[in-house]
Amino acid sequence: MEKKASMNSWMVQENKNFERKEVIQMEKREILWSWVHIILTVVVVVGLNLLLIQAPAMAAVDCNNPSTEADADLDGFTDAQECIGITLYNGSLFLGKDSGVNRADRLDPDTKDLFVILVYASPTKIPANPLEYVSAPQSQGGLGIALHVIVPEQADTNRLVTSTQKAVRVTESLDDSTTTPLGVTSCGTPNGLDLATVYTQRIINHVTSVNPSASQTLKDTYIKHTIAHEVGHMVGPLAPTYNANYGGYHYKTGTNVILDQSVKYKGTTFYIGTTYTSADKSGIKLK
Ligand SMILES: [Ca+2]
Ligand SMILES: [Ca+2]
Ligand SMILES: [Zn+2]
């Protein structure tokens with residue numbers, strides 16, 4: 001009995017050792033599989049990135065035979081419209097890729113275009129190059145959309161520039177009978193109910209109240225930030241994620257991007273975001 005007990009004890013011990021070895025082998029297998037998984041993941045991610053990087057070149061529209069239905073860059077203008085050009089509401093022609101003029105002055109079937117109606121107040125407080133932060137290349141923090149500023153008469157009263165695609169409109173207001181808001185719009189795509197207003201005089205008053213010796217450049221930056229903020233709400237909407245804690249389609253104040261809920265200031269220093277996030281760049285929706 002005693003021996004048997006001892007034998008049993010040995011067998012148990014041996015089984016335990018076996019189990020332990022088995023565990024070690026499982027761990028080895030798991031480590032091996034983890035490595036295989038990591039390597040496969042890297043291969044897939046690199047492959048996808050290469051595909052994405054090459055996608056625009058591969059998808060380039062042939063303007064010798066453009067489709068009157070397809071909209072390769074999803075900006076609301078067909079490939080044919082973007083190759084040939086479109087006639088705006090007042091009869092003026094807006095050129096297409098066929099014209100060969102500078103990209104800024106024409107449509108292009110391979111990259112996004114957006115018409116913007118800027119309604120200036122008199123006297124306007126909007127600085128030069130008001131849409132700079134929106135049209136900047138994505139590598140520089142912009143949305144990389146080719147923006148075409150038109151006058152109200154070049155669209156119909158519903159902002160249509162073709163039978164299906166609308167311009168966005170940003171109206172300047174000098175109203176400073178109250179201090180807020182500094183800008184408003186409804187959120188959506190250009191084809192939604194999106195009439196943005198930017199209260200330039202309120203912005204200037206706000207900046208001056210925080211810092212009486214604020215530079216003109218700072219005021220201009222704040223105005224351009226606000227225009228870019230409201231336009232962002234109309235091309236997605238951006239920010240793409242609704243967050244009630246931050247007043248809707250916004251990032252937390254102090255993130256220092258264009259779509260922060262508000263511009264942060266501390267003492268007399270302003271922190272004005274002039275870039276969009278990568279989530280914004282991939283959330284662009286024009287129709
Ligand atoms: Ca298009
Ligand atoms: Ca386009
Ligand atoms: Zn907002």
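Look above for the structure.
Only a predicted model underlies this, so the values are computations on that prediction, with no experimental measurement involved. The numbers attached to residues start from 1 for each chain and follow its sequence in the written order. Throughout, the order in which chains and ligands are written sets their labels, letters from A for the former and numbers from 1 for the latter. The model is predicted, so local features are restricted to residues of pLDDT at least 70 and side-chain atom pairs to those at 80 or more, both for listing and for counting; the totals for chains, interfaces and linings are taken over all residues. Water and hydrogen atoms were dropped before computing side-chain values, which therefore reflect all heavy atoms in the structure.

Trainee: Please clarify how the side chain of Asp113 should be interpreted in this entry.
Mentor: Strands here are runs of E lasting at least two residues and helices are runs of H or I lasting at least four, both read from the DSSP assignment and numbered beginning at the N terminus. Turning to its location among the elements, Asp113 is positioned in strand 3 (residues 113–119). At 2.9 Å, the side chain of Asp113 and the side chain of Arg103 are in polar contact. Residues adjacent in sequence count toward polar contacts only when both atoms are side-chain atoms; beyond that, a polar contact is any pair of N or O atoms within 3.5 Å, and within protein one must be able to donate a hydrogen and the other to accept it. A polar contact is formed between the side chain of Asp113 and the backbone nitrogen of Asp108, at a distance of 3.3 Å. Ignoring anything within four residues of it in the chain, the contact list for Asp113 reads Asp73, Asp75, Phe77, Glu82, Arg103, Arg106, Leu107, Asp108, Ile145, Ala146, His148 and Leu286. Note on contacts: a residue pair qualifies if any of its non-hydrogen atoms lie within 4.5 Å across the two residues.

Trainee: Looking at this structure, how should I read helix 5 (residues 216–233)?
Mentor: An α-helical turn contains 3.6 residues, so any two residues separated by three or four positions project in the same direction. Multiply 1.5 Å by the residue count of a helix minus one, and that product is the helix's expected span. For helix 5, spanning 18 residues, the distance from its first C-alpha to its last is 26 Å, which sits close to the expected 26 Å at 1.5 Å a residue. Most of helix 5 is tucked away: 14 of the 18 residues are buried. To sort residues, take the accessible area from a 1.4 Å probe on protein chains only and compare it with the maximum for the residue type: under 20% means buried, over 50% means exposed, and anything in between is partly exposed.

Trainee: What's the story with the layout of surface pockets in this structure? I'm lost.
Mentor: Take a probe with the size of a water molecule and roll it over the atoms, and the empty space left behind shows itself. With a 1 Å grid laid over protein atoms only, a set of points is called a cavity when a 1.4 Å probe fits there but cannot get out and a pocket when it is open yet has protein on both sides within 12 Å along at least five of seven lines; lining residues have an atom within 4 Å of a point. Grid points are joined across faces, edges and corners, and a volume is the space filled by probe spheres set on the points. Estimated volume of the second largest pocket: approximately 420 Å³. Forming the walls of the second largest pocket are 22 residues, and the residues nearest its centre are Leu182, Gly183, His229, Gln261 and Ser262. Top contributing element to the lining of the second largest pocket by residue count: helix 5, with six residues. Residues of the lining of the second largest pocket, tallied by class, amount to seven nonpolar, 13 polar and two charged. Each residue receives one of three labels: charged for Asp, Glu, Lys and Arg, nonpolar for Ala, Val, Leu, Ile, Met, Phe, Trp, Tyr, Cys and Pro, and polar for the others, Gly being one of them.

Trainee: Honestly, the coordination of the calcium ion (ligand 2) in this entry has me stumped. Any pointers?
Mentor: Note on metal geometry: ideal angles are 109.5 degrees for four donors arranged tetrahedrally and 90 or 180 degrees for six donors arranged octahedrally. Coordination of the calcium ion (ligand 2) by the protein involves Asp73 (OD), Asp75 (OD), Glu82 (OE), Glu82 (OE), Asp108 (O), Thr111 (O) and Asp113 (OD), with metal-donor separations of 2.2 to 2.7 Å. A donor here means an N, O or S atom no more than 2.8 Å from the metal, or no more than 3.2 Å when the metal is Na, K or Ca. Since water is not included, a site may seem to lack partners. Spacing between the donor residues of the calcium ion (ligand 2) along their common chain follows D-x1-D-x6-E-x25-D-x2-T-x1-D. Separation of the calcium ion (ligand 2) from the calcium ion (ligand 1) amounts to 4.1 Å, with Asp73 serving as a shared donor to the pair. Placement of the pair is Asp75 in the loop between helix 1 (2–58) and helix 2 (79–84) and Asp108 in the loop between strand 2 (93–95) and strand 3, with a sequence separation of 33 residues. Looking at Asp108, the relative accessible area reads 7%, which means it is buried.

Trainee: How should the environment of Glu132 be read in this particular structure?
Mentor: On the secondary structure map, Glu132 appears in helix 3 (residues 132–135). Glu132 gets classed as partly exposed once you look at its relative accessible area, which sits at 32%. For the pair Glu132 and His225, spaced 93 residues apart in sequence, the C-alpha separation works out to 9.3 Å.

Trainee: I tried to follow the state of the cysteines on my own but got confused; where do I start?
Mentor: A disulfide bridge is the covalent bond that connects two cysteines by way of their sulfur atoms. Throughout, disulfides are identified as pairs of cysteine sulfur atoms within 2.5 Å of each other. Taken as a whole and judged by the stated rule, the model has one disulfide. For Cys63, the disulfide goes to Cys83, at an S-S distance of 2.0 Å. On the S-S bond that ties Cys63 to Cys83, the torsion sits near -80 degrees, and the link is left-handed. Of the two residues, Cys63 sits in the loop between helix 1 and helix 2 while Cys83 sits in helix 2, which places them 20 residues apart along the sequence. Of the residues examined, Cys83 reaches a relative accessible area of 0% and is grouped as buried.

Trainee: Sorry if this is basic, but what is going on with the pairing of strand 3 here?
Mentor: Where a strand is regular, its side chains alternate between the two sheet faces. For strand 3, the tally of buried residues reaches six of seven residues, placing the bulk of the element in the interior. Between any two strands, pairing holds if DSSP finds at least two bridges. As paired elements, strand 3 and strand 4 (residues 146–150) share five bridges and run parallel to each other. Counted as the bridge partner of Phe115 is His148 from strand 4. Bridge count for strand 3 against strand 5 (residues 168–173) is four bridges, and the pairing is parallel.

Trainee: Explain the nonpolar core to me, please; I cannot follow it from the model alone.
Mentor: Looking at soluble globular proteins, one finds that nonpolar side chains tend to be buried together. Of all hydrophobic cores here, the largest spans 39 residues; its most connected members are Leu114, Leu131, Val134, Leu143, Tyr222 and Val231. Secondary-structure elements contributing two or more residues to this core are strand 3, helix 3, strand 5, strand 7 (195–199), helix 4 (200–210) and helix 5. Of the residues forming this core, the biggest block, five residues, is contributed by helix 5. When near neighbours in sequence (up to four residues on either side) are disregarded, Tyr222 contacts Leu182, Ile203, His206, Val207, Val263, Phe270 and Ile272. Joining through side-chain atoms within 4.5 Å is the link that ties buried Ala, Val, Leu, Ile, Met, Phe, Trp, Tyr and Cys residues into a set, and such a set is a nonpolar core. Within the second largest apolar cluster, eleven residues are counted, among which are Ile86, Leu88, Leu107 and Ile117.

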